[in-house]
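# A look at the structure
Okay, here's what each chain looks like letter by letter:
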Amino acid sequence: MRLLVLILAVSAAAQSTPHLQTSHTTESLRGISAVSQKIIWASGTHGTYLRTIDAGRTWTPAQVPGATALDFRGVVAFSADEAFLMSSGPGDQSRIYHTTDAGQHWQLQFTNTNPKGFFDSIAFWDPHHGIALGDPVPDENGRPKFELLVTDDGKTWHQLPPQRLPEALEGEGAFAASNSCLAILSSNSVVLSGAVAQAHHGQLRSRRPPSSTTDPHDPNIWFATGGKTARVFHSSDNGRSWQVFDTPIIHGPDSAGIFSIAFRNATDGVIAGGDYKHPAADGPNLAFTHDGGKTWHLSEFHPQAYFSAATYGANNHLLVLAQDSILEFGSSPIPRRLSLKNNPTPFNAIAAFQIQGAIAVGAKGAIAAIQ
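Residues numbered from 1 in each chain as written. Predicted model: local features only at pLDDT ≥ 70, side-chain atom pairs only at ≥ 80, totals over all residues. Heavy atoms only, no water.

### Considerations on unusual backbone geometry
- With omega at 10°, the peptide bond leading from G283 into P284 counts as cis.
- With respect to the secondary-structure elements, P284 resides in the loop between β22 (269-275) and β23 (286-289).
- In this structure, N315 is a non-glycine residue whose phi angle is positive, near 60°.
- In this structure, N315 sits in the loop between β25 (307-312) and β26 (318-322).
- Looking at N315, the relative accessible area reads 70%, which means it is exposed.
- One non-glycine residue, N316, lies in positive phi territory at about 60°.
- Here N316 lies in the loop between β25 and β26. (Helix = DSSP H or I, 4+ residues; strand = E, 2+ residues; numbered from the N terminus. Buried < 20%, exposed > 50% of the residue type's maximum accessible area, 1.4 Å probe, protein only.)

Right under this line is the structure:
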């Protein structure tokens, strides 16, 4: 009976279809970053990135020169002019680019030289401090360890020392599905979860890191995995040491596990995922923590589905993205469902606006705004 009540409540709360926007591209879009409701960047296949400065009335697609073979799975923007792009792929197809002039020029900041490397997600505390996550690669002793790169100046990247890289289990990896398998907290408590890298009206770019002998940002880092296991890794000291915790999210096949992780503060967070080869399967695909990731409790909401991304938006509302809908969790454990079914292609990534609403991107250039 309780399950029936939940299903009926979600159906009753169903909303009208979010507004579809014209992207002027048919590329598959995987990355989305909202600086504000007006300034938004997106990224996708064949070296493509898109930008709007008028809330999506006009999207301008372009390609990074020399990058047409790359798949940009992550974008993090700080203004109408400044953005970072991360491409995912084996070996040197995993790269990091940066622009400060709205894409007129792009600087290639880093290329993965390990042929077994594969970047999954990128996030920034501010324009000068960022972190990138890559799939496990064998160390000198043959042990698989996740790749973690950091920048302290927004220009140069270096890998964490081998002794600080967390070890993976056989068959374990991260998913480069929506640039949200990596989560951090910004210094002003705005969640930067890979899928969201934003500041109030784009003003974060002008904030310089504080002069201090300690780290200028929140030291917490989380990332989530899938495959043979579904675990959450957490560092409370900027990656110097790691703890790892099992979760109840579905896993086993290479196509299943945790695809997204987000935190609204140092204790309260969410993981979302499933099996992308079976997107209608009813989980367990969604879980919450209230102790920083040590323990995870499955959501009682059903039916579930494959969830590619999750993020916290205005008023700490949680947004969870399925391929054809968005679930909005407010003060109630029963979400509001926003249907995307009038668009025939699946959605992949979502970014929340700090004031109200969100924007989602997907296959064949699909973009939908939720106000």
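### What to know about the sheet that holds strand β8 (residues 95-99)
- If you trace the 4 strands from one edge of the open sheet to the other, you get β6-β7-β8-β9, paired in antiparallel fashion. Unpaired on one side and paired on the other, β6 (72-77) and β9 (107-111) mark the two borders of the sheet. The average undirected angle you get between the axes of adjacent strands in this sheet is 20°.
- Bridge count between β6 and strand β7 (residues 83-87): 5 bridges; the pairing is antiparallel. Following the sheet pairing, F72 is matched in β7 by S87. (Pairing = 2+ DSSP bridges. Axes fitted to C-alpha atoms, helices over the stretch in contact; angles between N-to-C directions.)

### Description of the pairing of strand β11 (residues 129-138)
- Among the 10 residues in β11, 9 count as buried, and that is most of the element.
- Pairing analysis gives 6 bridges linking strand β10 (residues 119-126) to β11, with the strands arranged antiparallel. Residue pairing in the sheet places F124 in a bridge with G130 of β11.
- The turn linking β10 back onto β11 is made up of 2 residues.
- The loop that links β11 with its antiparallel partner strand β12 (residues 144-151) comprises 5 residues; one of these, G142, has a positive phi angle of about 85°.

### Re the packing of aromatic side chains
- One pass over the full model with this rule turns up 20 aromatic pairs.
- With a centroid separation of 3.8 Å and 10° between ring planes, the pair formed by F175 and F259 is classed as stacked. Of this pair, F175 sits in the loop between β14 (172-173) and β15 (182-185) while F259 sits in strand β21 (residues 256-263); the two residues are 84 residues apart in sequence, bridging distant segments of the chain. Of the two residues, F175 and F259, both sit in the buried class. (Phe/Tyr/Trp six-rings, centres within 6.5 Å; stacked < 30°, edge-to-face > 60°.)

### Points about the pairing of strand β2 (residues 29-34)
- With 5 of 6 residues buried, β2 lies mostly within the body of the structure.
- Pairing geometry for β2 and strand β3 (residues 40-44), over 5 bridges, is antiparallel. Bridge pairing in β3 places G31 opposite S43.

### Remarks on the pattern of salt bridges
- Under the definition given, this model contains 6 salt bridges.
- Linking K145 and D139 is a salt bridge whose minimum nitrogen-to-oxygen distance equals 3.8 Å. Of the two residues, K145 and D139, both sit in the buried class.
- Put simply, D268 and R264 hold a salt bridge, and the shortest N to O gap is 3.4 Å. (Salt bridge = Lys/Arg side-chain N within 4 Å of Asp/Glu carboxyl O.)

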